[in-house]
Amino acid sequence: LVSLEYFSEARDISFVSGTSPDYESQTSLFNMLLQYNPDLIGGSPGSNSVILPGSDASKGLNLAVSGAWAGDAPGQAETLVTAIQQVSGWEDKWKLITVQLFGNDICVASCGEGGADYEGDATPDGYKSNMKTALTILKSALPKTLIVFTAPYDPTKIADITNKHFGCQFLFPTLCPCLSDSSRPGLVDLRTQYQEKLVELAAEMRSEQFGVEVIPAMVNLYPEASSGGPDPAFLAPDCYHQNAELHSMIGKNIWNNLVENSDQRTSNYGEDLELVCPARRQFLSTTTGVKKQPGFPNTQPSYKIGVPSGPSYKL
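Residues numbered from 1 in each chain as written. Predicted model: local features only at pLDDT ≥ 70, side-chain atom pairs only at ≥ 80, totals over all residues. Heavy atoms only, no water.

**Structural notes on the side chain of Asn 62**
Our working definition: Working definition: helices are DSSP H or I runs of at least four residues, strands are E runs of at least two. Numbering for both runs from the N terminus. Any two residues whose heavy atoms approach within 4.5 Å are treated as being in contact.
Within the secondary structure layout, Asn 62 lies in the loop between strand E2 (48-49) and helix H2 (73-84). Ignoring anything within four residues of it in the chain, the contact list for Asn 62 reads Arg 11, Ser 14, Ser 17, Gly 42 and Ser 44.

**Points about the packing of aromatic side chains**
For any pair of aromatic rings, the description consists of the separation of the ring centres together with the inter-plane angle of the planes. Test applied: Pairing of aromatic rings covers Phe, Tyr and the six-membered ring of Trp, with a centre-to-centre limit of 6.5 Å; geometry is then stacked below 30 degrees between planes, edge-to-face above 60, and tilted otherwise.
Under the defined criterion, the tally for this structure stands at seven aromatic pairs. When the ring of Tyr 127 is compared with that of Tyr 194, the centres are 4.1 Å apart and the planes differ by 15°; the resulting orientation is stacked. One end of the pair, Tyr 127, is in helix H4 (residues 124-141); the other, Tyr 194, is in helix H6 (residues 184-205), and 67 residues separate them in sequence. Ring plane angle 10° and centroid distance 5.6 Å describe the contact between Phe 166 and Phe 170, whose orientation is recorded as stacked.

**Overview of the packing of H2 against H4**
Spelled out, the test is: Under this scheme, a helix contributes an axis fitted over its contacting stretch, all axes are lines through C-alpha atoms, and angles between N-to-C directions fall in the 0 to 180 degree range. When describing relative orientation, an angle under 35 degrees is termed roughly parallel and one over 145 degrees roughly antiparallel, while 65 to 115 degrees is termed roughly perpendicular and anything else oblique. Handedness of a helix crossing follows the sense of rotation of the near helix relative to the far helix, less than a right angle counterclockwise being left-handed and clockwise being right-handed. Amino acids are sorted into nonpolar (Ala, Val, Leu, Ile, Met, Phe, Trp, Tyr, Cys and Pro), charged (Asp, Glu, Lys and Arg) and polar (every other residue, Gly among them).
Packing of H2 against H4 leaves a shortest axis separation of 8 Å and a crossing angle of 15°. Judged by the angle between their axes, H2 and H4 are roughly parallel. As for the relative orientation of H2 and H4, their crossing is right-handed in sense. Across from Ala 73, Pro 74, Ala 77, Glu 78, Leu 80 and Val 81 in H2, the residues of H4 making contact are Asn 130, Met 131, Thr 133, Ala 134, Ile 137, Leu 138 and Ala 141. The residue makeup of the contact of H2 with H4, split by class, is 10 nonpolar, two polar and one charged.

**Description of the pattern of salt bridges**
Threshold: By definition here, a salt bridge exists when the distance from a side-chain nitrogen of Lys or Arg to a carboxyl oxygen of Asp or Glu is within 4 Å. Each residue is assigned to one of three classes by its accessible area relative to the maximum for its type, calculated with a 1.4 Å probe on protein chains only: buried under 20%, partly exposed between the two thresholds, exposed over 50%.
In total, this model carries seven salt bridges according to the counting rule given. In this structure, the salt-bridge partner of Glu 200 is Lys 128, at a minimum N-O distance of 3.1 Å. Here Glu 200 is found in helix H6, whereas its partner Lys 128 is found in helix H4, with 72 residues between them in sequence. For Lys 128, a relative accessible area of 15% translates into the label buried. Here Lys 132 and Glu 204 are joined by a salt bridge, their closest N and O atoms 3.9 Å apart. Of this pair, Lys 132 sits in helix H4 while Glu 204 sits in helix H6; the two residues are 72 residues apart in sequence, bridging distant segments of the chain. It is possible to trace a salt-bridge network through shared partners that takes in Asp 125, Lys 128, Lys 132, Lys 197, Glu 200 and Glu 204.

**A short note on helix H7 (residues 244-259)**
Defined as follows: Helices are assigned an expected span. That span is 1.5 Å times one less than the residue count. Side-chain atoms alone can form a polar contact between residues adjacent in sequence; in general such a contact is a pair of N or O atoms within 3.5 Å, and within protein one must be able to donate a hydrogen while the other accepts it.
When the terminal C-alpha atoms of H7 are compared, their 23 Å separation across 16 residues agrees well with the 22 Å that a helix rising 1.5 Å per residue should span. Burial runs high along H7: 14 of the 16 residues are buried. The backbone nitrogen of Glu 245 lies 3.2 Å from a side-chain oxygen of the residue at the head of H7, namely Asn 243.

Have a look at this one:
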């Protein structure tokens, strides 16, 4: 028997859109920004079922779709544009959109698994093409927008968990069928190439009214167990997704990346992880100029308050 817990999406604890009022113990980007802008909208107040129909009210503007890959990004971008343009005064409001889309590309589409839902080009160039199409849709329809890509983390690390429980043993292979001992080095390399393509794309697409950032917040997942490998205490029962505590740690890292200098962004899942406090009237940290080389930490200094030019996203 499989618990219905496996088919529930707890968007209220999402590291991006979760609305928990306790921003220290259940940190999300939304509830951190809410401390600076009480009029912020788009948070996710509840959970929803993957298999049973219900109201979309619990999602807020978190329109992520379970099982999606980069080939679905253009369609998701169009859905998001429609939702945002229903918000009163959307043209004059600054929008912040986060994108985390790579796991199913690496784990399913890259080896031709998953059937018709994953047909398409999952090579690094194909990944960049799909994401560029999505960004072009967003850029043409949504002025005053900051896009934040989370650079891919390495899902193959899950193979290093010791003493996997039944749910992990049973479900993870179905969620990451491309992973095997022989394929792992290639998947690790694919993750790196996806990150490089995102950095290239960000440099190509960003402008004064359309910021694009690639942040390393998730790169150093996962918290490590004392016995080595990822600690399953921070994972959902399927081992592919994160539990509430790890969502909060990711939320802290994303927030920190947006207030840290863009050339000093971190990814920390140790016991010393703490929220970074911005300076008074600080702007969100952004990258400017064209990248000379792909990857981290090759970024330009961020624009701060008092700098006379460049994009500025004020807290």
